[in-house]
Amino acid sequence: MVDFEVSIIRERPKADGTSVVKFQWRDKESTPPATEVPFKWPAGKPVHLRIERNDDENKPLGRVYLDSQLIASDIPFPRSTANYFLLGVSASGQTGRTCSLSFDNVRVVRKTAQ
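Quantities reported herein were computed from a predicted structural model and do not represent experimental measurements. (Residues numbered from 1 in each chain as written. Predicted model: local features only at pLDDT ≥ 70, side-chain atom pairs only at ≥ 80, totals over all residues. Heavy atoms only, no water.)

Examining the packing of aromatic side chains
And then number 1: In this structure the tally under the stated criterion is zero aromatic pairs.
And then number 2: Above the face of the Tyr65 ring, Arg50 is positioned so that its terminal group lies 5.7 Å from the ring centre. (Phe/Tyr/Trp six-rings, centres within 6.5 Å; stacked < 30°, edge-to-face > 60°. Lys NZ or Arg CZ within 6 Å of the ring centre and 35° of its normal.)

Focus on the sheet that holds strand β2 (residues 18-27)
And then number 1: Across the sheet, three strands lie side by side as β1-β2-β3; this open sheet has antiparallel pairing. Edge positions in the sheet fall to β1 (4-10) and β3 (35-42), since each of these pairs with one other strand and no more. Along the sheet, successive strands turn relative to each other by an average axial angle of 25°, direction set aside.
And then number 2: Where β2 and β3 come together, five bridges link them in antiparallel fashion. Directly across from Phe23, in β3, lies its bridge partner Thr35. (Pairing = 2+ DSSP bridges. Helix = DSSP H or I, 4+ residues; strand = E, 2+ residues; numbered from the N terminus. Axes fitted to C-alpha atoms, helices over the stretch in contact; angles between N-to-C directions.)

Side note on the pairing of β2
And then number 1: Counting buried residues in β2 gives seven out of ten residues, a clear majority hidden from the surface.
And then number 2: Examined bridge by bridge, β1 and β2 share seven bridges and lie antiparallel to one another. By the bridge assignment for β2, Ile9 is matched with Lys22. (Buried < 20%, exposed > 50% of the residue type's maximum accessible area, 1.4 Å probe, protein only.)

With respect to the sheet that holds strand β4 (residues 49-53)
And then number 1: Read from one edge to the other, the open sheet built from three strands follows the order β4-β5-β6, with strand pairing classed as antiparallel. The open sheet has two free edges, formed respectively by β4 and β6 (69-76), since each of these has just one partner strand. Mean inter-strand twist for the sheet, computed between neighbouring axes without regard to direction, equals 15°.
And then number 2: Relative to strand β5 (residues 61-66), β4 runs antiparallel, the two being bridged by five bridges. In the strand pairing of β5, Ile51 is matched with Val64.

Some thoughts on the pattern of salt bridges
And then number 1: This structure, assessed with the given rule, holds four salt bridges.
And then number 2: Residue Glu5 pairs with Arg26 through a salt bridge whose shortest N-O separation is 2.8 Å. On the criterion of sequence distance, the pair formed by Glu5 in strand β1 and Arg26 in strand β2 is long-range, its members being 21 residues apart.
And then number 3: Note that Glu52 and Arg50 form a salt bridge whose closest N and O atoms lie 2.6 Å from each other.
And then number 4: The network of salt bridges with common partners includes Arg50, Glu52 and Arg63. (Salt bridge = Lys/Arg side-chain N within 4 Å of Asp/Glu carboxyl O.)

See the structure below:
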């Protein structure tokens, strides 16, 4: 069972080589609709994804960045999380088409209040 999920959806490139990027989150109770975000993601260009969660245990909120550009904020994160995170990736498209994906410099940083 998934307690909480953040999704970045990149659609097939348009004629100008850029893709529409959508953001969506869901938890146990709700799944708000995906929203288009103002981020130009040219085909063949890697991007950095950053997901942050604040340190407020009473009202934890998150932010999502693509290449240092804030694309979503004030995401209601779960009040408590397990001691681990699962990172999943999926790709869908036409049969026979290929997808290239790589992970580089993955870090989980935990900051605590002083």
